[in-house]
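Architecture at a glance
This is what each chain is made of:
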Amino acid sequence: MKVHFLIVLLASSPILSTMATGSPDSTQPTKIQISTANSELVLMTGPDGRLYELGYGKKGRDFASTKAPTRGKEFYPPYGNGYLYEPALQVTHADGNTSTDLIYVKNETVPIDADTTLYRIELKDGFYPFFVSLCFKAYHNEDIIEEWTEIRHEESTPVTLFRFASSSPVIPASSAYWLTQFIGDYANEANLVEEQLTPGLKILDSKLGVRADYYRNPSFILALQNQAREDSGEVYGGTLAWSGSFQFAFDMDTLRHLRVLAGINPFGSQYHLIPDKVFTTPAMLWTWSDQGKGQVSRNFHHWATQYGIRDGDKLRPVLFNNWEATDMHFDEERIVSLFDGAKELGADTFLLDDGWFGNKHPRDTDHAGLGDWQVNAKKLPNGISHLVSEAEKRGLKFGLWMEPEMVNPQSELYEQHPEWAMGQLHRAPEFFRNQLVLDLSRPEVKDFVWKSIDGILGQNPGITYMKWDCNRYVEQPGSTWLKPDEQSNLLIDYNLALDDIMTSMAKKYPQVMVMVCSGGSGRVDYGSLKHFDSFWPSDNTDPKARVFIQWGFSHLFPASAICAHVTRSGNRPLKFAIDVALSGTLGVDMDASKLSTQERKTLAAGISLYKTNLRDLVQQGDLYRIESPYEGPRSALSYVWPDQSRSVLFVYQLKDASENQPVKLKGLNPQKQYHIHEVNLPEGIASQLPEDGKTVSGADLMQKGLMPPCHKECDSTVILLD
């Protein structure tokens, strides 16, 4: 996957080898078709030289129009010269002119491989040396279209970009548009909220700058005619590959034509672009299906596994995290003692969380230490390497927590360089979690953050896992580095620098798997995930809440990326907690020494089952959401192996039910025979599943279903089908 945000010096323009090139013709319109296996975006030049959209949706649909194109269908409409609605681009030129008029110049098509094709469409202002390139990657097998925009100019002085959408398609006319967003707050993430759009402007956005996904994920589902259904109906899915402030604008006119403008939030981020630099927006990812939102999700999952997340084809380890057991209060002996419990349970990797660093200002609470990335000599006198060695003796790998973008005022770093933190002149600092955000637009800060990460990983080559945290957003977006007229560049430049650091980490340490965390899911997007193997969905690990949280995130992200840990949160039955965690990337946050003998056996058996029978199926199989936790007393989902030879069904009872109903499976081969086996049963307890041990056809399983033995709140079952 390409790096999705980039500002570079335009030193030259290399000529690409192309399969097809179009250029303007005064008599014939140019038609451009951007296609995947089942979907297509069709564009065409108009008699006025502008670029118009004919349609985006089902491949082969007749999008042709005998009518002359209207400005309402201009594909990337600029402000100030006749377009009346929300513009995709707004620029003030060097001479003060606030209008832009984009005229088609040429297009080119470049096959990258058998699955991926790159399209570039060049536009230019009719008067100014101002250039816009509309760029697309079509992923044929995954039915994903990735779109971004490149902007540059050759004017005498900087221009100001006020709006700079990554994408702005017009959705085909429909009697109704139903929008689903994913909203929440700390410990209450990824809630589905669906509404019918009405004429006017609907905005979904974030203005947080950093940890920008905290209240809303940069993704949506858009269904035509009816509310989004799992297995039927025409549905679009969109997600922005960007970790900073974002905006989705849904602009419907009185004729019910809907345009979707997606990209960086321009609020507070007017960008001053100097001549001969390229401003590249983050990528917007689109998919379409006429088989409901379930297929939209599988499209995103398939794409993510191949292109969107780091090492998408590798199985994720079972983590054991010390946070619930120790918080920041531990020493070397205590941590080593946890290794034995982790090994007994069957974990693959031990992750040492917050609290291991800082000497002058030790990290004993969240008031101190951030920025001082030296090992605390009192807690860990033999250093990280000793912990790595002790873990390896027990057959465990070792991982470490960092929060490299932040600083506590109680730190040596802040004492030496208070100007390195973001803040506003003449304003008292606003603290959140007793910390400030480092200003990555300042080159020496960017260098410091990278060297901090590089120093820890380079000096401790035995580290195989890292958890990258980020526990606050930006409330005072000011920089002592940027010039007064460049202050509004800060939030964009910060995320550009952050992407560079993450790229360096992933490139230099390919053997280190990395989880992205941000007080939960404040940085869950495909802008960051190209550098990370997984994400932490929420600090709320109550398994009943996690059913909803993981359900929400499953709409956009595959199970291999969703960390699901067994904890004591909510005081739920241990089997229920394990069964919920088995449906994601399994981990444990417990003190094994405080578990009873039977509890340790139960947890160890669940981990063994996961590693032996479920891990590949859950992390690499196709997800089918069967019963929504929003619509009834239980939730059910399954994963099906791509050749339909295996499946696993998870059922979670969320409320008491007076009568049981069958669960009708999905995605199976109706002609195949499947052996049914309930697994992860408590020791000595026989299955109450009527079909346990029997062989049933795929057709019957999908038409008649299975009767899960779940009746009371927090009952659960896991059923394997071979």
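Remember, it's a predicted structure, so these values are computed and weren't measured experimentally.

**Here's the deal with the sheet that holds strand 11 (residues 159-164)**
What the three strands build is an open sheet, ordered 6-11-20; its pairing is antiparallel. The sheet is open, and its two edges are formed by strand 6 (89-92) and strand 20 (271-273), each paired on a single side. Each adjacent strand pair in this sheet contributes to an overall mean axis angle of 30°, direction not counted. Two elements, strand 11 and strand 20, share three bridges in a ladder whose sense is antiparallel.

**A look at the environment of L387**
Of note, L387 is situated in helix 4 (residues 383-393). Spatially, the C-alpha atoms of L387 and G462 are 9.6 Å apart, while their sequence positions differ by 75 residues. Apart from residues lying up to four places away in sequence, L387 is in contact with E332, I335, V336, F339, L352, L380 and F398.

**Examining the pairing of strand 8 (residues 116-125)**
Regular strands have side chains that alternate between both faces of the sheet. With nine of ten residues buried, strand 8 lies mostly within the body of the structure. Between the end of strand 7 (residues 102-111) and the start of strand 8, which pair antiparallel, lie four residues. Relative to strand 9 (residues 130-139), strand 8 runs antiparallel, the two being bridged by nine bridges. Bridged to T117 within strand 9 is A138. The hairpin turn running from strand 8 into strand 9, its antiparallel successor, is four residues long.

**Comments concerning helix 4**
For helix 4, the full list of buried residues reads G383, I384, L387, V388, E390 and A391. Among the residues trailing helix 4, G395 stands out with phi positive, at a value near 75°.

**Details of the pairing of strand 18 (residues 246-252)**
With seven of seven residues buried, strand 18 is to be regarded as a mostly interior element. Burial of strand 18 is two-sided: the residues F246, F248, F250 and M252 facing one way and the residues Q247, A249 and D251 facing the other way are all buried. Alignment of strand 15 (residues 200-205) against strand 18, held across six bridges, turns out to be antiparallel. For I203, the partnering residue across the bridge sits in strand 18 and is A249.

**A word on the packing of aromatic side chains**
Inspection of every chain in the model, using the stated rule, returns 37 aromatic pairs. Judged by centre distance (6.1 Å) and plane angle (35°), the rings of F75 and F136 are tilted. Of this pair, F75 sits in the loop between strand 5 (51-58) and strand 6 while F136 sits in strand 9, and the two are 61 residues apart along the sequence. Residue class for F136 comes out buried when judged on its relative accessible area of 0%. An angle of 80° between the planes, with centres 6.0 Å apart, marks the rings of Y139 and W303 as edge-to-face. Of this pair, Y139 sits in strand 9 while W303 is found in helix 1 (residues 292-308), placing the two residues 164 residues apart along the sequence. One exposure class covers both Y139 and W303, and it is buried. Site record: aromatic cluster; members linked through ring pairs are Y56, F220, Y236, F246, F248, F250 and W286. Over the ring of F131 we find R152; its NZ or CZ atom is 4.1 Å from the centre of that ring. Sitting above the plane of the F330 ring, K379 keeps its charged end 4.9 Å from the centroid.

**Digging into the pattern of salt bridges**
One pass over the structure, following the stated rule, counts 45 salt bridges. A salt bridge links R50 to D48; the shortest N-O distance between them is 2.8 Å. With its nearest N and O atoms 2.7 Å apart, the salt bridge here joins E627 to R634. You'll find E627 and R634 in the same group, each marked buried.

Cut-offs applied
Residues numbered from 1 in each chain as written. Predicted model: local features only at pLDDT ≥ 70, side-chain atom pairs only at ≥ 80, totals over all residues. Heavy atoms only, no water. Pairing = 2+ DSSP bridges. Helix = DSSP H or I, 4+ residues; strand = E, 2+ residues; numbered from the N terminus. Axes fitted to C-alpha atoms, helices over the stretch in contact; angles between N-to-C directions. Contact = heavy atoms within 4.5 Å. Buried < 20%, exposed > 50% of the residue type's maximum accessible area, 1.4 Å probe, protein only. Phe/Tyr/Trp six-rings, centres within 6.5 Å; stacked < 30°, edge-to-face > 60°. Lys NZ or Arg CZ within 6 Å of the ring centre and 35° of its normal. Salt bridge = Lys/Arg side-chain N within 4 Å of Asp/Glu carboxyl O.

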